[in-house]
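What the coordinates show
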Amino acid sequence: MAEVTVKQPLRVGDVAKRSGIAVSTIHFYETKGLIEGWRSAGNQRRYHRAVLRRIAIIRIAQRAGIPLAVIREALADLPHDHVPNARDWQRFTDAWKGMLEERIIGLTQLRDQIASCIGCGCLSLEECPLRNPDDELSRQGSGPRCLISKR
């Protein structure tokens, strides 16, 4: 049996096993431009070992609710054969903190105001702090603004 070296690229099954995600997820991440691999002479997918750290970052960011497009944008200037380090992670989290803070504020407001909403669908949007804070929809005109499609 051949000895495995640290620099040897990973097969898709190896990536799946070591990262704890399905092969289909690896292919999905690749189609979305989050990770990158290449074909071997035998037409098999191969990946740099750095892909494992990229996948870990993707999974953590997804768990925080960060959209894949935002994750892809953060990873865009990071070479696929580069293992993301603490400085890279700091750059990612600095970029995501504002978005996460907005989400926390919104969820806190929802938690605190949801008791005043009976969910009746009465279209009392003027007074509903959840659907129409500060009656913002009135600036768009009269009628059911949430139901009128944008043309």
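Here is a short report on the structure shown in this document. (Residues numbered from 1 in each chain as written. Predicted model: local features only at pLDDT ≥ 70, side-chain atom pairs only at ≥ 80, totals over all residues. Heavy atoms only, no water.)

Notes on the overall build of the protein chain
Secondary structure summary: the protein chain contains five helices and three strands in total. Ordered by position from the N terminus, the helices and strands of the protein chain form the series β-α-α-β-β-α-α-α. The buried share of the protein chain, taken over its 151 residues, is 25%. Residue pairs in contact within the protein chain that sit at least 24 positions apart in sequence constitute 51% of those at least 6 positions apart. As displayed, the protein chain offers around 10800 Å² of accessible surface, 53% of which is attributable to carbon and sulfur atoms. (Helix = DSSP H or I, 4+ residues; strand = E, 2+ residues; numbered from the N terminus. Buried < 20%, exposed > 50% of the residue type's maximum accessible area, 1.4 Å probe, protein only. Contact = heavy atoms within 4.5 Å. Areas by Shrake-Rupley, 256 points an atom, 1.4 Å probe, with all protein chains shown as cover.)

With respect to the environment of L52
Mapped onto the elements, L52 comes out in helix α3 (residues 51–63). As a C-alpha pair, L52 and R18 span 34 residues in sequence and 7.4 Å in three-dimensional space. Excluding its chain neighbours within four sequence positions, the residues that come into contact with L52 are L10, V15, R18 and S19.

Brief notes about the pattern of salt bridges
When charged atoms on two side chains of opposite charge get close, those side chains can pair. Evaluated as defined, the whole model comprises four salt bridges. The salt bridge involving D77 is made with R91; its shortest N-O contact spans 3.5 Å. Taken as a pair, D77 in the loop between α4 (68–75) and α5 (86–113) and R91 in helix α5 lie far apart in primary sequence, 14 residues in all. For D77, a relative accessible area of 57% puts it in the exposed group. R91 sits in the partly exposed class, given a relative accessible area of 35%. (Salt bridge = Lys/Arg side-chain N within 4 Å of Asp/Glu carboxyl O.)

Focus on a nonpolar patch on the surface
Where nonpolar side chains cluster on the molecular surface, the patch consists of L107, L110 and I114 and spans about 270 Å² of accessible area. As for its placement among the helices and strands, I114 is situated in the segment after α5. Owing to a relative accessible area of 46%, I114 belongs among the partly exposed residues under this scheme. (Patch = residues over 30% accessible without salt bridge, like charges linked within 9 Å, V, L, I, M, F, W, Y side chains within 5 Å.)

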